[in-house]
Amino acid sequence: MRPPHTPRPRGPRRLTALLLFAAAALFPSVTPASAAAPTPVPGELRPYNVDAVYSSGISSGGYMATQLHVAYSGTFSGSAVFASGPYNCAQNTLATALNACMNTVQDLQLSQLEQTTRNWSAQGLVDPVANLAGDPVYVFSGSGDSTVKRPVADALADYYGRFGARVRYNRSTAAGHAWISPLGPNSCTVTQSPFINNCGIDAERDLLGHLRGSVAAPATTPGGTLIRFDQNAYAPGGTAAALSLDDNGFVYVPKSCSDGASCSLMVALHGCKQGYGYQGFGTQFVDKAYLNEYADTNDMIVLYPQAKATATLENPNGCWNWWGYLGDSAHARHGGKQIETIMGMVRALRGSTPPPVTDRVTLQSVDAQDGYVKASADGAGAAVGTLEDTYGLALGRGTDAKVNRTLLSFDTSKIPAGKEITRAYLTVARSSGAGDPWASPAGNRLLADVATGCFGGCAVEASDWSAPSTVVGGAQIAAFSSGSAASSDLSAPALAALDRSGTTQVRLRFETTPTSNAYLFVNKETPATLTVEYR
């Protein structure tokens, strides 16, 4: 569990070029003297006496800050964000990111985002949501921000409130899309590089005071050490660029923390077009975010991870991954490649031993071999279902009183040879349904049987309804009423049953025949996936 930080009280993806995410800075009422920024020196991350960890960020960095906080709420004690929206807002879809999580022409479905978070928590895909209760959260939105519009930030504040977090929301300035800092070179209302604005307020004092409980006045000149380190050492697979991350990261360490004082750790995340390697941007965010000055007088280490633009249209502006680019469908939860890279840095600074580095492959089900089968409760009269193209793949008891089971087929030969599989899980998307088959009867379970190879022939056939499986109930999927759901981790026998040389089939079925008409359709538009982690 995360330790409390005294004195803080504890309680509860081709349109990508349009994704302009930035950072903003606001000047306090008295502009501080401009001091020479510390020159980076090469070094490594080493352990310090860290007693609490927080996240902060602007725009795409704000989304990543929230992802870190929610996914690892056992580590992070609070978060501060400028110009971003609620957790998992994009739901792995660029169009949603653009239209619901920046603009407001599409409903961002806040209740669904909340339920997905709770489901993922129950499945162990993020830390327990109970950790969020009482956590301090600072949200900032300027009325001049037309990049991430005000209702999106409103939804972020609302999202956290649903989990009992203590939210402080600053929506009183005309700020543009930016990080707000007394050292910001831009006037308050503009949206332009370097996306650090002066609004006549000291937002860092406010956010740090809310996160920590109290804050001492900032130093006039940073007196600590700014260390440039190699991010490749923390990237799953060992290559930061493959994850749209820079080779270089930075950490600011005050002398007191180097000397052994008990210090907090702030993970500060730039926005799009603000990364170190983006068109010569350099360390402007590091130097002007006005965090190093407070770090010196408040025993606070500041970690500045760096994203990097891709040479393709996946991420040309060097944004953090909050919509699932480069195929990372787990970007917002445990196993997300950028999240795990940053967590490796956090663990290095806290002196905790990182888990073995893993990589992953996400396999899409083979549509030509997917389908569903219906039969009486005893398996009699089995027949292949015919409504897949209209509604999706059926599960549960339909209006014809037949019991439906779904077959999914995966090419598991794509799992790299010679690697040890450490974890795997299924993800399915709900299309429609009626009733609640998980409650008919109460406690009913949606199970995943696993077959090495195929249940019969790999094309769906009537006999698949009752064909024996290699592993019975190798995973289960908790109740969900909309969106997507991930299964529990496949059991050890189910992992062993994955056919490394060919096809693996999965049969989804309810453990008990529903006592009334209660069913759902899955994967009409969105194929099921099997995510396999290995090392």
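Our subject in this report is the structure included herewith. What you are looking at is a predicted structure, and each value in this text was computed from that prediction instead of being measured. (Residues numbered from 1 in each chain as written. Predicted model: local features only at pLDDT ≥ 70, side-chain atom pairs only at ≥ 80, totals over all residues. Heavy atoms only, no water.)

Moving on, we get to the overall build of the chain. A tally of helices and strands in the chain yields ten helices and 24 strands. A compact globule built from 535 residues would reach a C-alpha radius of gyration of about 24 Å, and the chain, at 25 Å, matches this within 12%. Its C-alpha atoms give the chain principal-axis dimensions of about 80 × 45 × 40 Å. A buried classification covers 58% of the 535 residues belonging to the chain. With an accessible surface of roughly 18,700 Å², the chain has 50% of that area assigned to carbon and sulfur atoms. The positive charge centre, built from 39 side chains, and the negative charge centre, built from 41, are 2 Å apart in the chain. (Helix = DSSP H or I, 4+ residues; strand = E, 2+ residues; numbered from the N terminus. Rg over C-alpha atoms; globule rule 2.2 N^0.38 Å. Buried < 20%, exposed > 50% of the residue type's maximum accessible area, 1.4 Å probe, protein only. Areas by Shrake-Rupley, 256 points an atom, 1.4 Å probe, with all protein chains shown as cover. Lys, Arg positive; Asp, Glu negative; His and termini not counted. Charge placed at Lys NZ, Arg CZ, Asp CG, Glu CD.)

Turning to the state of the cysteines, a few remarks are in order. The full count for this structure, using the stated rule, is five disulfides. One disulfide bridge connects Cys89 with Cys101, the sulfur atoms lying 2.0 Å from each other. Taking the sign of the S-S torsion, -100 degrees for the link of Cys89 and Cys101, the bridge is left-handed. Here the residue Cys89 occupies a position in the loop between strand 3 (76-82) and helix 2 (94-99), and Cys101 occupies one in the loop between helix 2 and helix 3 (110-122), the gap between them amounting to twelve residues. Residue Cys101 is classed as buried on the basis of its relative accessible area of 0%. Each disulfide pairs two cysteine sulfurs, and for Cys454 the partner residue is Cys458, the sulfurs being separated by 1.7 Å. Every disulfide takes its handedness from the sign of the S-S torsion; for Cys454 and Cys458 that torsion is 80 degrees, giving right-handed. Each bonded cysteine of the chain gets a number by its place in the sequence, and the pairs then read 1-2, 3-4, 5-6, 7-8, 9-10. (Disulfide = S-S within 2.5 Å.)

Take the pattern of salt bridges next. Overall, the coordinates contain 15 salt bridges when judged by the stated rule. Here Glu114 and Arg118 are joined by a salt bridge, their closest N and O atoms 3.1 Å apart. One end of the pair is Glu114 and the other is Arg118, both in helix 3 and four residues apart, which spans about a single turn. Judged by its relative accessible area of 16%, Glu114 falls in the buried class. Since its relative accessible area comes to 31%, Arg118 is described here as partly exposed. One network of salt bridges, in which partners are shared, links Glu114, Arg118, Asp158 and Arg162. (Salt bridge = Lys/Arg side-chain N within 4 Å of Asp/Glu carboxyl O.)

Given a rise of 1.5 Å per residue, twelve residues ought to cover 16 Å, and the 16 Å separating the end C-alpha atoms of helix 1 (residues 60-71) matches this to within 8%. Helix 1 sits mainly inside the fold: twelve of its twelve residues count as buried. Residues of helix 1 that are buried include every one of Ser60, Gly61, Gly62, Tyr63, Met64, Ala65, Thr66, Gln67, Leu68, His69, Val70 and Ala71, and no others. (Expected span 1.5 Å × (residues − 1).)

It is worth spelling out the pairing of strand 19 (residues 446-452) at this point. When you tally the buried positions in strand 19, you get six out of seven residues, the bulk of the element. The pairing of strand 19 with strand 20 (residues 471-477) spans four bridges and is antiparallel. Paired with Leu447 across the bridge in strand 20 is Gln476. In terms of strand pairing, strand 19 meets strand 22 (residues 503-510) through seven bridges, oriented antiparallel. Paired with Thr452 across the two strands is Thr504, which belongs to strand 22. (Pairing = 2+ DSSP bridges.)

Taken as a whole and assessed by the stated rule, the structure comprises 19 aromatic pairs. Connected via pairs of aromatic rings, a cluster forms that spans Phe82, Tyr138, Phe140, Trp179, Phe285 and Tyr304. Over the ring of Trp120 we find Arg333; its NZ or CZ atom is 5.2 Å from the centre of that ring. When the ring centre of Tyr72 is taken as origin, the NZ or CZ atom of Arg347, which lies over that ring, is 5.8 Å away. (Phe/Tyr/Trp six-rings, centres within 6.5 Å; stacked < 30°, edge-to-face > 60°. Lys NZ or Arg CZ within 6 Å of the ring centre and 35° of its normal.)

You can see Met343 is positioned in helix 9 (residues 337-350). For Met343, a relative accessible area of 1% gives the class buried. Distance in space between the C-alpha atoms of Met343 and Leu68 is 8.3 Å, their sequence separation being 275 residues. Discounting residues that sit within four places of it in the chain, Met343 has contacts with Leu68, Tyr72, Thr75 and Phe76. (Contact = heavy atoms within 4.5 Å.)

Spatially, three strands are ordered 6-8-7 in an open sheet, and the strand pairing comes out parallel. Of all the strands in the sheet, the pair left with one neighbour each is strand 6 (179-180) and strand 7 (186-187). Bridge analysis of strand 7 against strand 8 (residues 196-198) gives two bridges, and the strand direction is parallel. For Asn186, the partnering residue across the bridge sits in strand 8 and is Asn197.

A few words on empty space enclosed by the protein. Estimated volume of the largest cavity: approximately 50 Å³. Taken together, Gln112, Gln115, Thr116, Asn119, Phe480, Ser481, Ser482 and Ser484 form the lining of the largest cavity. The element contributing the most residues to the lining of the largest cavity is helix 3, with four residues. Its residues assigned to classes, the lining of the largest cavity comprises one nonpolar, seven polar and no charged. (1 Å grid on protein atoms, 1.4 Å probe; cavity = no way out; pocket = protein on both sides within 12 Å on 5 of 7 lines; lining within 4 Å. Points joined across faces, edges and corners; volume = space filled by probe spheres on them. Nonpolar A, V, L, I, M, F, W, Y, C, P; charged D, E, K, R; others polar.)

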